[in-house]
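# Descriptive structure summary
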Amino acid sequence: MFEGVEEIWMDGEFVDFEDAQVHVLTHALHYGTGVFEGVRCYDTAEGPAIFRWEEHLDRLFNSAEVYDIDIPFSKRELDEATRELIDREGLQSCYIRPIAFYGYGPLGLNPGKSPEQVAIAVWPWGAYLGEEALEEGVDTAISSWRKYASSQIPTNAKTTGTYVNSVLASLEAKGNGYEEAIVLNKEGNVAEGPGENLFLVRDGEIYTTGLAESILDGITRRTVIELARDMGYTVHDDATISRGELYTADELFFTGTAAEVTPIRTVDDNEIGKGTKGPITDEIQTRFFEVVEEGEPERWFDYV
Ligand SMILES: Cc1ncc(COP(=O)(O)O)c(C=O)c1O
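An account of the accompanying structure is given in this report.

Here is what the cut-offs are and how they apply
Residues numbered from 1 in each chain as written. Predicted model: local features only at pLDDT ≥ 70, side-chain atom pairs only at ≥ 80, totals over all residues. Heavy atoms only, no water. Phe/Tyr/Trp six-rings, centres within 6.5 Å; stacked < 30°, edge-to-face > 60°. Helix = DSSP H or I, 4+ residues; strand = E, 2+ residues; numbered from the N terminus. Buried < 20%, exposed > 50% of the residue type's maximum accessible area, 1.4 Å probe, protein only. Patch = residues over 30% accessible without salt bridge, like charges linked within 9 Å, V, L, I, M, F, W, Y side chains within 5 Å. Areas by Shrake-Rupley, 256 points an atom, 1.4 Å probe, with all protein chains shown as cover. Salt bridge = Lys/Arg side-chain N within 4 Å of Asp/Glu carboxyl O. Lys, Arg positive; Asp, Glu negative; His and termini not counted. Charge placed at Lys NZ, Arg CZ, Asp CG, Glu CD. Near = heavy atom within 4 Å. Polar contact = N/O pair within 3.5 Å; in protein donor to acceptor, adjacent residues only side chain to side chain. Nonpolar A, V, L, I, M, F, W, Y, C, P; charged D, E, K, R; others polar.

Right, let's talk about the packing of aromatic side chains for a bit. Aromatic ring pairs: the centre-centre distance and the angle between the two ring planes describe each pair. Evaluated as defined, the whole model comprises 14 aromatic pairs. On the numbers, 6.1 Å between centres and 40° between planes, the contact of Phe-2 with Phe-17 is tilted. Pair noted here: Phe-2 is in the segment before strand 1 (7–10) and Phe-17 is in the loop between strand 2 (13–16) and helix 1 (27–31), with a separation of 15 residues, a long-range link. Judged by relative accessible area, which is 37%, Phe-2 ranks as partly exposed.

Moving on, we get to a negative patch on the surface. Residues Glu-46, Glu-293, Glu-294, Glu-296 and Glu-298 make up a contiguous surface patch of negative charge. Looking at the element boundaries, Glu-298 is found in the loop between helix 8 (279–294) and strand 17 (301–303).

Lys-158, Tyr-163, Ile-219, Thr-220 and Thr-257 are the nearest of the 14 residues found near the ligand. Measuring from an oxygen atom of the ligand, one finds a backbone N or O atom of Ile-219 at 2.7 Å. Between the ligand and the protein, one listed contact pairs an oxygen atom with a side-chain N or O atom of Thr-220 at 2.6 Å. Relative to its unbound accessible surface of 380 Å², the ligand loses 94% to contact with the protein. Counted by class, the shell around the ligand contains four nonpolar, six polar and four charged residues.

Another point: the environment of Gln-21. Among the structural elements, Gln-21 can be located in the loop between strand 2 and helix 1. As for Gln-21 and Met-10, which are separated by 11 residues in sequence, their C-alpha atoms are 9.1 Å apart. In terms of polar contacts, Gln-21 uses its side chain to reach the backbone carbonyl oxygen of Glu-18, at 2.6 Å.

In C-alpha cells form, the structure reads like this:
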C-alpha cells in the first residue's frame, strides 16, 4: 500500500518514511486516544484538488475537542503541510490521512500530561472495495457486533480506539465470505458500514440513517444528500431503517471517502433489487464521479 511513499509530515517536519516512528509507550497505542481523518485528493480537470478539505479539517478538530486533544497546529498549518506533502510526493490523486494523538508520556488513563502529536501521510489509493465493487456491488452481511451508542462513546468523533468496533465487524464479514458488514445500532436498527454510511432507495425516494442512529456524520453522505436533492430526488436524511427493510429495498449503496459510492448487491444472501447496481444508485454514482473529475462545484475543492 505504501510502496513509493517517501516522506511523512510529523510534528511540523517532513521526515523520511522510515523515520516516522513513535515510542511503544505512546498513550494512543494503549488506549486509542487518537483522532483522524480520511480525505481524498482527486485529479480534477483543473489539477489535483482536495475534496471537501475544510469539512474534514473541521471534523478533525471537533473530534480532537471531544478528547481534549489540543492539536498544536492551526488548520492553516495542517493545510499547508498537506499541500506541500502531496506536491513533494508528486501525486496527482491520493488518499490523505491526518492523525492527532496523545504521545509518549505517563500511562495513566488521564492523558493530560502526554504530549499531543500530529502526523499526515498521503499515498495513492484506488477503489476501497475494488473496481469491480463499484460496478457490480458488494455482498454484505449484518454483523453480530452492534455499533456503540453515542451515550457510550461519541459517534460524531472519528477516534482511533473506537475503530475496533469496525475491525470486529469487518473481520466477521470477511471470515464468513462477505465483502463488507452492515452494523446495527443498540436499538437493532441499521447504523452504517464499518467505514461507510448507508443509503436505501424505495419507490423512487432515497433514505439514509439519521445522525441519531449512532453513525459518523459522513462527508460523502452530506455530498450525496446534496447531489441527489439537486437531481430532484426526495432524500430522507433522518431515517430509521430496520434490518427487514434492507432485504426488501429496491436499491442500497454505501458512501464514504474510501468507498466513494459503492452499490450493495446482497444483504445476508438476499438479492437487493436485481442483485446488481440499481438505476438510481448508478445515476448518483455517475454524478459523484463527474463532480470529482470536473472539480465542480468549486467550493468543494482546494487545489494543491
Ligand atoms: C464509521 C464510518 N462511517 C462513515 C464513514 C464515511 O464518512 P466520510 O464520507 O466522511 O468518509 C466513515 C469513513 O470515514 C466511517 O469510518
